[in-house]
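# Structural overview
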Amino acid sequence: MAEPREHPVKLELPTMPVQELIKSTVDHIPERYIFHPTNDKDHESDVPFMDSPSIDLQLILDSSSPEAQHELRKLRSVLCSWGCFQVVNHGIGSPEMDKLRALAKEFFGLDVEEKQKHSRTSDWFEGYGSDTVAEGEPFNWNDRLHLQIYPLHRRNLKFWPENPPTFRETLDEYAVKMKTLLENLLKGIAKSLDVDENSFLSQFGDEGIMFSRFNYYPPCSSPNRVFGLKPHSDVTMITILLQDEEVEGLQVLKDDQWFKVPIVHDALFINVGDQLEIMSNGIVKSVVHKVEIDKKRDRISVAIASVPPPDEEIGPITDLIHSEGAQLYKNVTNYMALFLQHIARGERAINAVKL
Ligand code: OGA
Ligand code: NI
């Protein structure tokens, strides 16, 4: 088992967004972005599609419906095998999804000077820019904008773009819907595991944090040499992903094999993150996933993350320890801090909290 790190790793940031880099370098890929494969599964060519059934959230929420039990069993099964699923009838209309995608496109389409009014710094994750990585680790082929959306007092408006002029209002509308959806999903997931429906939601509480991550993946002339996002699991309880409507790229790992995540019209893609795996005592799996880059086309996505309050201890819920016989994960406070140290090196933090 990995030992807790005594010395924080030195974190580095690229000097410019990838979107700008490709304007100046054309076909040459700077060494720092090149990923040297450690095994031949890293960039396979014939990757099959994930073929698990979509989950109908409406059926799950209406417990009087005869189909609810069937849908709950389906949900439990995908959570335990894949750790991710497509959700339909989730309460967000197609026009709202299109509006957010359009907003993301418009924002990333702005001049770099405009976007950099909201730049991140190396010591805080919010804002426009790139992910930090540990010294010497490859950079992701990705530009992103991170913003805390809940609780309200955590919104740092200096990072919230004022251009496009509708940005703040549109994200706020989407955030309201995402909060309800998160609550419904966490209740549905709890029900599917036969525990009190508030089991997970109560660990998220009123001070649980939601943040949005707008992703922009520029095209790359040698897509097999870079990663949009390197293989990782999320720090979240769950992540709610709005995918690009045309360009695929996301892949998930199951039983040591990669699968492409299809674009399912009107669906949102949900993946379990490390903190729900911990709370469920390992019953649901925090899925490892990565983003592959397209040779010609750019891709956007918007992920909504949920993490428990950093100053509160989280851990496996009692009912799941008892029914499984043993506590398999430690209780932990501020898992996000532990996670950031590990991910910068391409390592998984969850191994450090396994008992
Ligand atoms: C993420 C992520 C996937 C995607 O933001 O953590 O995995 O398709 N995104 O952009
Ligand atoms: Ni992710």
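Before reading further, recall that the structure is shown in the block above.
Residues numbered from 1 in each chain as written. Chains lettered and ligands numbered in written order. Predicted model: local features only at pLDDT ≥ 70, side-chain atom pairs only at ≥ 80, totals over all residues. Heavy atoms only, no water.

### Concerning the overall build of the protein
Across its full length, the protein carries 10 helices and 16 strands. Radius of gyration (C-alpha) of the protein: 20 Å, near the 20 Å computed for a compact globule of 355 residues. Sequence separation of at least 24 residues holds for 77% of the intrachain contacts in the protein that already meet a minimum separation of 6. Summed over its atoms, the accessible surface of the protein is roughly 15800 Å², and 49% of this surface lies on carbon and sulfur atoms. Of the charged side chains in the protein, 38 are positive and 56 negative, and the gap between their average positions amounts to 2 Å. (Helix = DSSP H or I, 4+ residues; strand = E, 2+ residues; numbered from the N terminus. Rg over C-alpha atoms; globule rule 2.2 N^0.38 Å. Contact = heavy atoms within 4.5 Å. Areas by Shrake-Rupley, 256 points an atom, 1.4 Å probe, with all protein chains shown as cover. Lys, Arg positive; Asp, Glu negative; His and termini not counted. Charge placed at Lys NZ, Arg CZ, Asp CG, Glu CD.)

### Some thoughts on helix α6 (residues 167–192)
Taking 1.5 Å per residue, 26 residues should reach 38 Å; α6 reaches 36 Å between its end C-alpha atoms and fits that length. Within two residues after α6, D194 carries a phi angle of roughly 65 degrees, on the positive side. (Expected span 1.5 Å × (residues − 1).)

### A closer look at the sheet that holds strand β8 (residues 229–232)
Paired through their backbone hydrogen bonds, the strands of a sheet run either parallel or antiparallel. Here 4 strands make up an open sheet; going across it, the order is β8-β13-β10-β11 and the pairing antiparallel. Of all the strands in the sheet, just β8 and β11 (257–260) have a single pairing partner and so form its edges. This sheet shows a mean twist of 20 degrees between the axes of neighbouring strands, independent of strand direction. (Pairing = 2+ DSSP bridges. Axes fitted to C-alpha atoms, helices over the stretch in contact; angles between N-to-C directions.)

### Details of the pattern of salt bridges
Summed over all chains, the structure comprises 17 salt bridges. Notably, a salt bridge pairs E12 with R32, separated by 2.8 Å at the nearest N-O pair. With a gap of 20 residues between them, E12 in strand β1 (residues 11–12) and R32 in the loop between α1 (18–25) and β2 (55–56) connect regions that are remote in the sequence. For D131, the salt bridge goes to R213, with nearest N and O atoms at 2.9 Å. Of this pair, D131 sits in the loop between β4 (127–129) and β5 (133–134) while R213 sits in strand β7 (residues 209–217), and the two are 82 residues apart along the sequence. (Salt bridge = Lys/Arg side-chain N within 4 Å of Asp/Glu carboxyl O.)

### Things to note about the site of ligand 1
Neighbouring ligand 1 are 13 residues, the closest being Y217, H232, H289, R299 and S301. One of the side-chain N or O atoms of D234 is found 3.3 Å from an oxygen atom in ligand 1. Here an oxygen atom of ligand 1 sits 3.0 Å away from a polar atom, N or O, in the side chain of H289. Across the complex, the protein chains shield 93% of the 290 Å² of accessible surface that ligand 1 would expose by itself. Of all the secondary-structure elements, those providing two or more residues to the shell around ligand 1 are β7, β8, β13 (289–291) and β14 (299–307). When its residues are assigned to classes, the shell around ligand 1 shows 6 nonpolar, 4 polar and 3 charged. (Near = heavy atom within 4 Å. Polar contact = N/O pair within 3.5 Å; in protein donor to acceptor, adjacent residues only side chain to side chain. Nonpolar A, V, L, I, M, F, W, Y, C, P; charged D, E, K, R; others polar.)

### Brief notes about unusual backbone geometry
A cis amide bond links Y150 with the next residue in sequence, P151, at an omega value of -5 degrees. Within the secondary structure layout, P151 lies in the loop between β6 (143–150) and α6. Following N163, the chain continues into P164 via a peptide bond in cis, with omega recorded as 0 degrees. The backbone phi angle of D256 is positive, close to 70 degrees, even though this residue is not glycine. The topology assignment puts D256 in the loop between β10 (250–254) and β11. What makes D256 exposed here is its relative accessible area of 56%. With phi around 75 degrees, D266 is a residue other than glycine that occupies positive phi space. (Buried < 20%, exposed > 50% of the residue type's maximum accessible area, 1.4 Å probe, protein only.)

### Comments concerning the packing of aromatic side chains
In total, this model carries 13 aromatic pairs according to the counting rule given. Summarising the aromatic geometry, the rings of Y335 and F339 are spaced 6.2 Å apart at their centres and angled 50 degrees between planes, so their arrangement reads as tilted. Of this pair, Y335 and F339 both sit in helix α10 (residues 335–343), 4 residues apart, roughly one helical turn. With relative accessibility at 8%, the residue F339 sits in the buried group. An aromatic cluster of three or more residues is present, and its members are F107, F108, Y128, F167, F214 and Y216. Between the NZ or CZ atom of R155 and the centre of the ring of Y150, over which it lies, the distance is 5.2 Å. Over the ring of W258 we find K290, and its NZ or CZ is 4.2 Å from the ring centre. (Phe/Tyr/Trp six-rings, centres within 6.5 Å; stacked < 30°, edge-to-face > 60°. Lys NZ or Arg CZ within 6 Å of the ring centre and 35° of its normal.)

Honestly, it's all geometry; don't read function into it.
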